[in-house]
Amino acid sequence: MKIGFIGLGIMGKPMVKNLLKAGYEVFAYDVVTANLENVTTAGAKVAVSSKMVAECCRIIITMLPNSPHVKAAVCGKNGVLESAKRGTILIDMSSIAPLASQEIAKACAEKEVKMLDAPVSGGEPKAIDGTLSIMVGGDRTVFESVKELLLTMGASVVYCGGIGAGNTTKLANQVVVACNIAACAEAFTLAKKAGVDPQLVFEAIRGGLAGSTVMNAKVPMMIEGNYRSGFKVDLHIKDLNNALETGHGVGSPLPLTAQVMEMLQTLRADGYGQEDHSALSRYYAKVSGEKIGM
Ligand code: NAD
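> Teacher, can you tell me more about the overall build of the protein chain here?
Each helix and strand counted, the protein chain has 13 helices and nine strands in total. Relative to its length of 294 residues, the protein chain is compact, with a C-alpha radius of gyration of 20 Å against a globular reference of 19 Å. Along the longest, intermediate and shortest principal axes, the C-alpha atoms of the protein chain span 65 × 45 × 35 Å. The buried share among the 294 residues of the protein chain stands at 49%. Across the protein chain, the mean location of the 29 positive side-chain charges is 4 Å away from that of the 27 negative side-chain charges.

This is the structure:
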């Protein structure tokens, strides 16, 4: 079966490789031609535009940074909708605003193209292993028809509701992760400043109620002072922006998210936008004068 894939960044590349491994024929496109090299060596065919992807394939996956990029690739000039045939399924796996998913789905429906929003959690390592968590919104019958395909890239695929529900679920995930990292940075800075070794604090509390996947993944990075990017500060700012806008739109205030957003904005202003979001500990080092790690 032919699958179109648009957006070959950190996540898109390994996802395409898993599709190829599962035996799908992949037609790939990215605005940055150099990003295609990696997947063509693995066996993907190259398209010169999103429009051409839609000419070749009845199922198209997009994995792009944010709402404007998805709108451009789908609804813009030389985009998917210029050539998509009736009945084509578009699966947008980017993390974008739920409202944008609904707008794009509406434009798709006018061309009789069916759309699912299916953002992922797990980052590059799980994209490589094919063990992403995938949260899906849209028509349930369309979801059932592509569930097997999604399972070639993910370990869990959960149907969350109508179009936009996948991205709403992803925003909830990003709020929990951001606040959890900030809480870890705050708590471990307190311990260090009060004279207790952060490594011992980590060992003492990780198995209790305070322990979490976030603590296990991010506190060791803070202790090492290693902020090489896994999930960039800039990307988390994008997600929290979408969360705040969505929260304000539906009347659900997000005071904790707003606070962490300002910390992330401070990091970006200080030149750390490309670092991992565990760099939130840099914010606490700035305000307390104490570094958790080295
Ligand atoms: P990325 O910036 O590495 O890749 C995006 C790719 O899209 C780039 O190669 C870019 O050239 C391409 N692109 C941009 N506009 C385009 C267009 N109009 N047409 C074709 N190609 C275009 O981003 P990423 O890290 O792969 O993330 C993709 C999405 O997945 C984002 O929404 C992100 O929030 C989400 N996500 C990322 C991670 C992660 O750890 N990186 C984890 C979970 C979810």
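> Quick question: what am I supposed to make of the packing of aromatic side chains here?
The description of an aromatic ring pair uses the distance of the two centres, along with the angle that the planes make with each other. Applying the stated criterion across every chain, the model contains two aromatic pairs. Judged by centre distance (5.4 Å) and plane angle (85 degrees), the ring pair of Tyr283 and Tyr284 falls under edge-to-face. By relative accessible area, which is 8% here, Tyr284 ends up buried. When the ring centre of Tyr272 is taken as reference, the NZ or CZ atom of Arg282 above it lies at 4.1 Å.

> Is there a simple way to think about the site of the ligand in this case?
Neighbouring residues of the ligand: 25 residues in total, closest Met11, Asp30, Asn35, Pro65 and Lys238. A distance of 3.0 Å is found between an oxygen atom of the ligand and a backbone nitrogen or oxygen belonging to Leu64. A distance of 2.9 Å is found between an oxygen atom of the ligand and a backbone nitrogen or oxygen belonging to Pro65. In the complex, the protein chains occlude 88% of the 840 Å² of accessible area that the ligand would expose alone. Its residues assigned to classes, the shell around the ligand shows 13 nonpolar, eight polar and four charged.

> Just to check I follow, could you spell out the pairing of strand β6 (residues 114-117) for this structure?
Regular strands place side chains that alternate from one sheet face to the opposite one. Sheet analysis places strand β5 (residues 89-92) next to β6, joined by four bridges and oriented parallel. In the sheet register, Ile89 faces β6, and the bridge partner there is Lys114. Between β5 and its parallel partner β6, the chain crosses via helix α5 (residues 98-110), and the hand of that crossover is right-handed.

> How should I be thinking about the pattern of salt bridges in this particular structure?
Note on pairing: side chains with opposite charge can pair once their charged atoms come close. The tally for this structure, following the rule as stated, stands at eleven salt bridges. In this structure, Arg86 and Glu112 form a salt bridge, with 2.8 Å as the shortest nitrogen-oxygen distance. Taken together, the residues Arg86 in the loop between α4 (67-75) and β5 and Glu112 in the loop between α5 and β6 connect sequence positions 26 residues apart. Here Glu112 falls in the partly exposed class, since its relative accessible area comes to 44%.

> Explain the layout of surface pockets here, please?
Where empty space is left can be seen by rolling a probe of water-molecule size over the atoms. A volume near 270 Å³ is recorded for the second largest pocket. Considering the residues around the second largest pocket, the lining is formed by 16 residues, among which Ala97, Pro98, Leu99, Glu245 and Thr246 are closest to the centre. Those elements that provide at least two residues to the lining of the second largest pocket are α4, α5 and α11 (233-250). A per-element tally of the lining of the second largest pocket places α11 first, with six residues.

> For this particular structure, what's the right way to read the side chain of Ser50?
Note that Ser50 resides in helix α3 (residues 50-56). The exposure class assigned to Ser50 is buried, which follows from its relative accessible area of 4%. If we skip the residues at most four places from it in the chain, Ser50 touches Ile6, Tyr29, Ala73, Asn78, Gly79 and Val80.

> Just to check I follow, could you spell out the packing of helix α8 (residues 165-193) against helix α13 (residues 280-288) for this structure?
A pair of packed helices can be characterised by two numbers: the angle between their axes and the separation between those axes. In the contact formed by α8 and α13, the axes pass within 9 Å of each other and the chain directions differ by 40 degrees. The angle between α8 and α13 falls in the class oblique. Considering the relative orientation of α8 and α13, their crossing is right-handed. Residues Ala178, Ile181, Ala182, Ala185, Glu186, Thr189 and Lys193 of α8 form the contact with α13, whose participating residues are Leu280, Ser281, Tyr284 and Ser288. Considered class by class, the residues forming the contact of α8 with α13 number six nonpolar, three polar and two charged.

> Would you take a moment to explain the environment of Thr213 for this structure?
Checked against the element boundaries, Thr213 lands in helix α10 (residues 213-224). Residue Thr213 is classed as exposed on the basis of its relative accessible area of 68%. Between the alpha carbons of Thr213 and Val177 there is a distance of 9.4 Å; along the sequence they are 36 residues apart.

What counts, and at which threshold
Residues numbered from 1 in each chain as written. Predicted model: local features only at pLDDT ≥ 70, side-chain atom pairs only at ≥ 80, totals over all residues. Heavy atoms only, no water. Helix = DSSP H or I, 4+ residues; strand = E, 2+ residues; numbered from the N terminus. Rg over C-alpha atoms; globule rule 2.2 N^0.38 Å. Buried < 20%, exposed > 50% of the residue type's maximum accessible area, 1.4 Å probe, protein only. Lys, Arg positive; Asp, Glu negative; His and termini not counted. Charge placed at Lys NZ, Arg CZ, Asp CG, Glu CD. Phe/Tyr/Trp six-rings, centres within 6.5 Å; stacked < 30°, edge-to-face > 60°. Lys NZ or Arg CZ within 6 Å of the ring centre and 35° of its normal. Near = heavy atom within 4 Å. Polar contact = N/O pair within 3.5 Å; in protein donor to acceptor, adjacent residues only side chain to side chain. Areas by Shrake-Rupley, 256 points an atom, 1.4 Å probe, with all protein chains shown as cover. Nonpolar A, V, L, I, M, F, W, Y, C, P; charged D, E, K, R; others polar. Pairing = 2+ DSSP bridges. Right-handed = clockwise from strand over helix to strand, strands pointing away. Salt bridge = Lys/Arg side-chain N within 4 Å of Asp/Glu carboxyl O. 1 Å grid on protein atoms, 1.4 Å probe; cavity = no way out; pocket = protein on both sides within 12 Å on 5 of 7 lines; lining within 4 Å. Points joined across faces, edges and corners; volume = space filled by probe spheres on them. Contact = heavy atoms within 4.5 Å. Axes fitted to C-alpha atoms, helices over the stretch in contact; angles between N-to-C directions. Parallel < 35°, antiparallel > 145°, perpendicular 65-115°, else oblique. Left-handed = near helix turned anticlockwise from the far one by under 90°.

Distances and angles like these do not, on their own, reveal function.
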